Amino acid sequence: MNKGKKLYEGKAKILYETKDKNIIIQHFKDDATAFNNLKKASVEGKGVLNNRISEYILTNLSQCGIKTHFIKRLNMREQLIKKAEIFPIEFIVRNIATGSLTKRLGIPEGTVLEKPLLEYCFKKDELNDPLISKEHIFSFDWATEKEIQIIDRMTLRINDLLIGMFRGIGIKLVDFKIEYGKTWNKDRRESEIILADEISPDTCRLWDSKTEKKLDKDRFRKDLGNIIQGYQEVARRLGIMPEETNISEVNFGKTIPLKFKKK
Ligand code: 5GP
């Protein structure tokens, strides 16, 4: 499918129009950002790995009955996805306490939560994606009670499926962020809620089950080095390394700082 006009460029992805107004092309960039763009670098090969890992995970979720935006992978960096009206909310699921939860509430790092904790954040870079309650969502009409009920259920089911998928390859799913969108039928009378986000080491915290070694974007956030090796390890264990023939086209592993300002 031919790439049309650029619709949107985000921190790690670019979206392009296609001839079909309901379908778009999602391009995965190598750019990595953290702390709301204060730290920026290009991690060569990251886009390729995220494209493959996300394809694998969304395909598996879809086989388990989860509706997603994923249609098919086009090439090393691009996939076709359904266009959706995105809810302005980030849905975060936590199984083990770390990151902003430990900072915000003083919960000891690594505390295993008795049951998954669901959090909602308002998608607004200028405000640092603040934590919100369901009441904020309903007050400002960001989603209806019925929609949140459906999304909460989908999110917990996705968490269960992902925990199992990663446990099978010796990885703990610590936490992750996902977004949802709404698609409409032809006369816009009926809508469907779909998972409309990538799922990759950029959006999940993944720890090796035995050593608790971080295999995700925290390697970048915390300057732990070997970022791409972490992502590659996840892909390798899932059984989906990039095609051998194309590996040489991608300069894997080199990290080029783009900007780094300390607060
Ligand atoms: P925390 O709130 O602890 O910083 O993040 C919780 C989880 O959500 C982590 O897995 C983190 O990667 C993910 N997450 C939260 N906000 C974002 C975001 O804006 N972009 C991405 N890619 N992941 C996020």
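What you see is a predicted model, and the numbers here were worked out from it, not measured in a lab.

**Looking at the site of the ligand**
Here's step 1: If you check the shell around the ligand, you find 14 residues, and the closest are Arg94, Ser100, Asp175, Arg205 and Arg221.
Here's step 2: Between the ligand and serine 100, the relevant distance is 2.6 Å, taken from an oxygen atom to a side-chain nitrogen or oxygen of the residue.
Here's step 3: Between the ligand and aspartate 175 there is a distance of 2.6 Å, counted from an oxygen atom to a side-chain nitrogen or oxygen.
Here's step 4: Within the complex, 80% of the 500 Å² of free accessible area of the ligand lies under protein.
Here's step 5: Looking at the shell around the ligand, its residues break down into 3 nonpolar, 3 polar and 8 charged.

**Here's the deal with the sheet that holds strand β3 (residues 23-28)**
Here's step 1: The antiparallel open sheet is built from 5 strands, whose spatial order is β1-β2-β3-β7-β6. Only two strands of the sheet have a single partner each, and these edge strands are β1 (6-9) and β6 (70-73). On average, adjacent strands in this sheet sit at an angle of 25° to one another, irrespective of strand direction.
Here's step 2: Lying on the sheet, helix α1 (residues 46-63) is in contact with β3, β6 and β7 (78-82); it crosses β6 at an angle near 130°.

**Considering the environment of leucine 206**
Here's step 1: Relative to the elements of secondary structure, leucine 206 occurs in strand β15 (residues 204-208).
Here's step 2: With a relative accessible area of 0%, leucine 206 lands in the buried category.
Here's step 3: Placed 34 residues apart in sequence, leucine 206 and lysine 172 show a C-alpha to C-alpha distance of 5.7 Å.
Here's step 4: Not counting residues within four places of it along the chain, the set of residues in contact with leucine 206 comprises Phe166, Ile171, Lys172, Leu173, Pro201, Lys213, Lys214, Leu215, Asp216 and Val234.

**Examining the domain arrangement of the protein chain**
Here's step 1: Along its sequence, the protein chain is organised into domain 1 (6-84 + 223-258) and domain 2 (86-208).
Here's step 2: Taken together, the 26 residues of domain 1 in the interface contact 29 residues of domain 2.
Here's step 3: Counting each side, the surface lost to burial between domain 1 and domain 2 is near 2,400 Å², with a carbon and sulfur contribution of 63%.
Here's step 4: Inspection of the domain 1/domain 2 interface yields 5 salt bridges.
Here's step 5: With its nearest N and O atoms 2.7 Å apart, the salt bridge here joins aspartate 208 to arginine 237.
Here's step 6: Here domain 1 and domain 2 share 15 residue pairs in polar contact (both at pLDDT 80 or more) between them.

Conventions used here
Residues numbered from 1 in each chain as written. Predicted model: local features only at pLDDT ≥ 70, side-chain atom pairs only at ≥ 80, totals over all residues. Heavy atoms only, no water. Near = heavy atom within 4 Å. Polar contact = N/O pair within 3.5 Å; in protein donor to acceptor, adjacent residues only side chain to side chain. Areas by Shrake-Rupley, 256 points an atom, 1.4 Å probe, with all protein chains shown as cover. Nonpolar A, V, L, I, M, F, W, Y, C, P; charged D, E, K, R; others polar. Pairing = 2+ DSSP bridges. Helix = DSSP H or I, 4+ residues; strand = E, 2+ residues; numbered from the N terminus. Axes fitted to C-alpha atoms, helices over the stretch in contact; angles between N-to-C directions. Contact = heavy atoms within 4.5 Å. Buried < 20%, exposed > 50% of the residue type's maximum accessible area, 1.4 Å probe, protein only. Domains from an automatic or database assignment. Buried area = accessible area lost by both parts, 1.4 Å probe. Salt bridge = Lys/Arg side-chain N within 4 Å of Asp/Glu carboxyl O.

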